[in-house]
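Chain and residue survey
As a plain string of letters, each chain reads:
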Amino acid sequence: MTVAVLVPFLVFSGGDAVTRTRLPVETSGGAVLECSACPGEFEAVSALVYSEVGVEGLTVSASSLRGPTGQRGAFPVDLRVVKWWYQGKIADLERNHPVEYSPRRVLTAELLLKDDALVRVSGGANFLRSTAEDGTDTYLPCSRSTSYGLASARPVDAATLQPVDVPAGTSLEFVVAVRVPDTAVPGAYSGFITFASNAGAATLPLRVTVRQFRLEPPRLKYSLYYRGRLSEDGEPCIGSDEKSEQQYRAEIADMRDHGILYPTNYQSWGPDLRRTLDIRREEGLPTGPFYTLAAGHSPTEVRNWVRLLRAYGYSDVYFYGADEAEGEALVAQKADWKAVQAAGGKTFVATYSRSKAYEVMGSLLNLAVVSGLPKAETAAAWHSVGSEAFAYLCPQVGVERPDVYRRNFGLVLWRSGYDGCMDYAYQHAFHSIWNDFDDRDYRDHVFAYPTVNGVVGTLAWEGWREAVDDARYVATLERAIADCEDRALAQQAQRWLDCIDPQTCDLGETREQMAGWIGRLHA
């Protein structure tokens, strides 16, 4: 614990930002923010400020980091405050849809804000700040049973972390996300985070160890259903579907930075399709497979899409079937899927694991997006007919549990033998996306909330990024095992890897152990 004389608050290190549900002051020991990462990797830790008497106008800032050469490192450090607000109670995670509507309000840690005042919580309700084009601010209720007045809301977060108050007897959590540059020299880097108010200041050391190796890409393909498409008038919209170009670009970049390199496409045929493809390329998404839900199955349409996408460098174009179809509705698609494949396309669709669609459709379905926790026997079944298996609904997006996303879409997914994942959805608004209580069937599915000019991230979204990184550490270890000339050591490492139980292992410790093995194998 770090305490500054005459400063009316205490500063704690909270450790990993995504493996807990809440950080009680009495159990958040440690006086240093520490993390280890590879060049090009993001890593997030948390700090907690507690005040007995209350603090107004607390500011938080990060110094530059001094590295092993004595020079200061240009490490981007992103600071955000964790916002607790009312969300619907999470249903049983074993159920198909843990994001079903719930009238029960639960104060939940979710939002990662630059400006804590973007959302106010008062009297058991949430209020969203809307900023008009002339700069006028209005607070709109966003936790009622209807979203009257929210249709024209214009939420705008700040570009940098703003001063915030810590009421007496409460704590406030900050997430410190470090991005290690691709060019960073391995070694130890140090700096500090400063917490200051009119009453004084305290500092918390920040130490970043840059590992000696670089991460391989994951063996898995990471995708999300992304409903975004460019708005016809070019104006920003606060929802899941219509986007200004600025919003679309920000969301593509956000997905890229969280490991989603193959988001689906909902943009229909026309000039805006080429513009979205340009944006994806400009924001650094790779080519490879392209998954579209905006195209039909006629041979002419399929050939046109394939011709266009191949001109952009994509290897395969996947066309969507009837979502979650079973029985006769599933069989009825055979002719369409044959036509797609004959015209040079491939097929994909979400399917329930219980339907055993591989027995009915076989290789007519090139990619099955299978519901539920991924299992090795399901992957084997789809591979036996020459098709790929992706996971979704384990759980659906919208559960405020970063640890669950990290585990299920990281090591559990890897161990299952699946080829990737395509969870639903980056955003799906059921009425207003900023109101969890205005639909009687579902809560909103959101990893990142849209603003006029960007996004507001969530803790669950950070958990997803850690899942992708876990898969990258596994891929790096597997590569190191394959390349190691000391076969006895390589076999020992393989035995260790084979014994990992992704359902029960401590994910943080397991990653550190993987890093240790990689270092030994590279020595």
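Residues take numbers from 1 onward in each chain, read along the sequence in its written order. It should be noted that, the model being predicted, local features are given only for residues of pLDDT at least 70 and side-chain atom pairs only at 80 or more, the latter also being counted only at that level, while totals for whole chains, interfaces and linings use all residues. Note that water and hydrogens are dropped before the side-chain values are worked out from all heavy atoms of the structure.

Notes on a negative patch on the surface
Rules: The residues that make up patches have over 30% relative accessible area and no salt bridge, and they are joined within 9 Å when like-charged or within 5 Å when they are Val, Leu, Ile, Met, Phe, Trp or Tyr. Each accessible area is a Shrake-Rupley result for a 1.4 Å probe, and residues are judged covered by the shown protein chains and nothing else. Here, a salt bridge means any Lys or Arg side-chain nitrogen found within 4 Å of an Asp or Glu carboxyl oxygen. In this count, Lys and Arg are taken as positive residues and Asp and Glu as negative ones, while His and the chain termini are left out. A single reference atom marks each charge: NZ on Lys, CZ on Arg, CG on Asp, CD on Glu. The numbering of helices and of strands both runs from the N terminus, where a helix is a DSSP run of H or I of at least 4 residues and a strand a run of E of at least 2.
There is a patch of like negative charges on the surface, built from E133, D134, E232, D233, E235 and D272. By the element assignment, D233 lies in the loop between β17 (229-230) and β18 (242-243).

Topic: the packing of aromatic side chains
The criterion, for reference: Stacked, tilted and edge-to-face are the three classes applied to pairs of Phe, Tyr and Trp rings, where Trp contributes its six-membered ring and a pair requires centres within 6.5 Å; stacked means planes under 30 degrees apart, edge-to-face means over 60, and tilted covers the rest. The buried label goes to any residue with under 20% of its type's maximum accessible area, the exposed label to any with over 50%, and the partly exposed label to all in between, with areas taken from a 1.4 Å probe on protein chains only.
On inspection of all chains with the given rule, the structure shows 27 aromatic pairs. With centroids separated by 5.6 Å and ring planes inclined at 55 degrees, the aromatic side chains of W269 and W305 adopt a geometry described as tilted. One end of the pair, W269, is in the loop between α1 (245-257) and α2 (271-282); the other, W305, is in helix α3 (residues 299-311), and 36 residues separate them in sequence. Here W305 falls in the buried class, since its relative accessible area comes to 0%. On the basis of an interplanar angle of 50 degrees and a centroid distance of 5.0 Å, the ring pair of Y291 and Y318 is categorised as tilted. In this pair, Y291 sits in strand β19 (residues 288-292) while Y318 sits in strand β20 (residues 314-320), placing the two residues 27 residues apart along the sequence. The class of Y291 is buried, set by a relative accessible area of 1%. The class of Y318 is buried, set by a relative accessible area of 5%. A network of ring pairs unites the aromatic residues Y222, Y226, Y248, Y405, F409, Y426, F447, W461 and W464 as a single cluster.

Comments concerning the pairing of strand β8 (residues 105-113)
How we decide: Strands are labelled as partners when DSSP assigns at least two bridges between them.
Note: strand β7 (residues 77-88) against β8, eight bridges, orientation antiparallel. Counted as the bridge partner of Y86 is L107 from β8. Across two bridges, the pairing between β8 and strand β28 (residues 455-458) is antiparallel. By the bridge assignment for β28, L112 is matched with G457.

Here's the deal with the sheet that holds strand β9 (residues 119-122)
As a reminder of what qualifies: An axis is simply a line fitted to the C-alpha atoms; with a helix, the fit covers only the stretch in contact. Between two such axes, the angle follows the N-to-C directions and lies from 0 to 180 degrees.
Spatial ordering of the open sheet is given by β9-β10-β11, a layout of three strands whose pairing is antiparallel. Two strands close off the open sheet at either side, each with one partner strand: β9 and β11 (137-141). Across the sheet, the axes of successive neighbouring strands diverge by a mean angle of 30 degrees, strand direction being ignored. The pairing of β9 with strand β10 (residues 125-131) spans four bridges and is antiparallel.

Re α1
Test applied: Multiplying 1.5 Å by the helix residue count minus one yields the expected span of that helix.
Here α1 is 13 residues long and its end C-alpha atoms lie 18 Å apart, about the 18 Å a rise of 1.5 Å per residue gives. Taken together, the buried positions of α1 are Q247, Y248, E251, I252, A253, D254 and M255. Trailing α1 by a residue or two, G259 shows a phi angle of about 90 degrees, which is positive.

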